[in-house]
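Listed below are the residues making up each chain.
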Amino acid sequence: MLAGDVTRQKHTNISYGGINNTYGYFDDTRLLTLLQNKGNKSSNLEEWLRTLEDFRNKYNISVVKECDRFDYCSGEIRNLIVSYNSIHGYISLLICLFGSLANVLNVVVLTRKDLAAAPINRLLKWLAVADVFVMMEYVPFAIYRYLLFPGQVDRPYSWAVYMLFHMHFTQILHTASILLTLSLAIWRYIAIKYPSLGPSLCTEKRCSLAIISSFLLPPILCIPSYLVFTIHEDFTLDRPPSKVYYVDSNYDGSLYQMNFWVHSVVIKLLPCVILTVISAWLIRVLYRANSRKKALKGYSACPVSTVVNGNGNLFTRKSTKRSKAERRTDRTTRMLVAVLLLFLLTEFPQGILGLMSGLLGRCFFKRCYDLFGELMDALALLNGAINFILYCSMSKQFRTNFRQILWNRCSPTPRASSHTELQTTYV
């Protein structure tokens, strides 16, 4: 999921200071009256909260949150991330607006007739579809959460319901993006490593199966998250106290740990490890191809070959450079390596933080995972938004089709002319 969920800390420890006689606390008549009438329904929760808050202020009782005793993610790095979080709403909104438009253009270009047939382009098209829905859904969340009501504590129940939907929706579609990226890497690895088996292994049917699986598996993998994160109810200490609703996880039980292991290891780290291995292998292939290209350019005494023409005459011909198909293969591989490396840069940190949250407990999650949540959101959104730039800069075929679309849209509609004018034009 996109790490944008702001949870609240409920478990607190009370630290008492400045009072020599602890038993003197019970001299407060209002508190004694409430304790004596604890069985009376007339002493409602609102009166309890108001009395306890006055009691805490009167005796200068400090409330220390349980996780404040840990030094996870403290120091200068914490101040830096907090400074970024204050402007995250504006940055994420700009990324989403640009990324939504860019991914729509990706879909339009990749569905053209001369591009749509290639299985790689089909995977890239559905990757753009998943990313555009994530960004379009993130726009209202960013506007409400960071621009219209920043720092708002009094969240209504409808907001909590939307937060629950936002969290699961983005997590499912982002997981689909991860699986599609993994399919891209495996597809390219097979096509280059086993070129003779590629046509039989990388078929249209298996490409469709990979796409369908990438959208059907995420709702199943995210089942632990559905059970762990629920809507909680709390009360503010305002006058009068009011109910607030928020989304948080249930920390007790093995299901909480299972969710972290599934999310961090199965969904994040395992694909990242596989992509790292495949990316390293593809980079090595590109390095060898580049070395071979330099060797061909620098070899002055080019070998010659003897050719017999149709009349039986002999002539010599210098060996040619690499074919156009080989150069196109290298460009496609280079583009996919860039996509994979960008994906690794954005997903590896989130997977590591999730794994450490499962190992070190919820206080690490509260102090570190929540702290880096907005930054990881921005990186994940940027990963989906920048693919259009990569395609335009590294794929000649993509650029050509994109220019044709722009030309067809921007060129003026030809004026209707008579039959005589048409004949004159063609003469």
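Here, the structure is the one placed above.
Residues numbered from 1 in each chain as written. Predicted model: local features only at pLDDT ≥ 70, side-chain atom pairs only at ≥ 80, totals over all residues. Heavy atoms only, no water.

Another point: empty space enclosed by the protein. All chains considered together, the criterion is met by five cavities of 30 Å³ or more. Computed from the structure, the largest cavity encloses a volume of approximately 90 Å³. Taken together, L127, D131, H174, S177, I178, T181, V339, F343, A380, N383, G384 and N387 make up the lining of the largest cavity. Put simply, the parts of the chain that give the lining of the largest cavity at least two residues each are α6 (119-148), α7 (157-193), α12 (324-360) and α14 (373-385). The biggest single contributor to the lining of the largest cavity is α7, with four residues. Looking at the lining of the largest cavity, its residues break down into five nonpolar, six polar and one charged. (1 Å grid on protein atoms, 1.4 Å probe; cavity = no way out; pocket = protein on both sides within 12 Å on 5 of 7 lines; lining within 4 Å. Points joined across faces, edges and corners; volume = space filled by probe spheres on them. Helix = DSSP H or I, 4+ residues; strand = E, 2+ residues; numbered from the N terminus. Nonpolar A, V, L, I, M, F, W, Y, C, P; charged D, E, K, R; others polar.)

Further remarks concern the state of the cysteines. Under the counting rule described, the total for this entry stands at one disulfide. Linked covalently through their sulfurs, C73 and C368 form a disulfide whose S-S length is 1.9 Å. Across the S-S bond of C73 and C368 the torsion is about 120°, and the bridge reads as right-handed. Here C73, found in the loop between β2 (62-65) and α3 (76-85), pairs with C368, found in helix α13 (residues 362-369); they are 295 residues apart in sequence, far enough to count as distant. Each member of the pair, C73 as well as C368, is classed as buried. (Disulfide = S-S within 2.5 Å. Buried < 20%, exposed > 50% of the residue type's maximum accessible area, 1.4 Å probe, protein only.)

A few words now on the environment of A128. Mapping A128 onto the fold places it in helix α6. Along the chain, A128 and N387 lie 259 residues apart, while their C-alpha atoms are 8.5 Å from each other. Ignoring sequence-local partners within four residues, the contact set of A128 consists of N103, N106 and V107. (Contact = heavy atoms within 4.5 Å.)

A word on the nonpolar core. Of all hydrophobic cores here, the largest spans 31 residues; its most connected members are C96, Y138, F141, L353, F372 and L381. The element contributing the most residues to this core is α6, with seven residues. Formed by 27 residues, the second largest nonpolar core is a distinct cluster that contains L110, L342, Y391 and I405. (Core = buried A, V, L, I, M, F, W, Y, C linked by side-chain atoms within 4.5 Å.)

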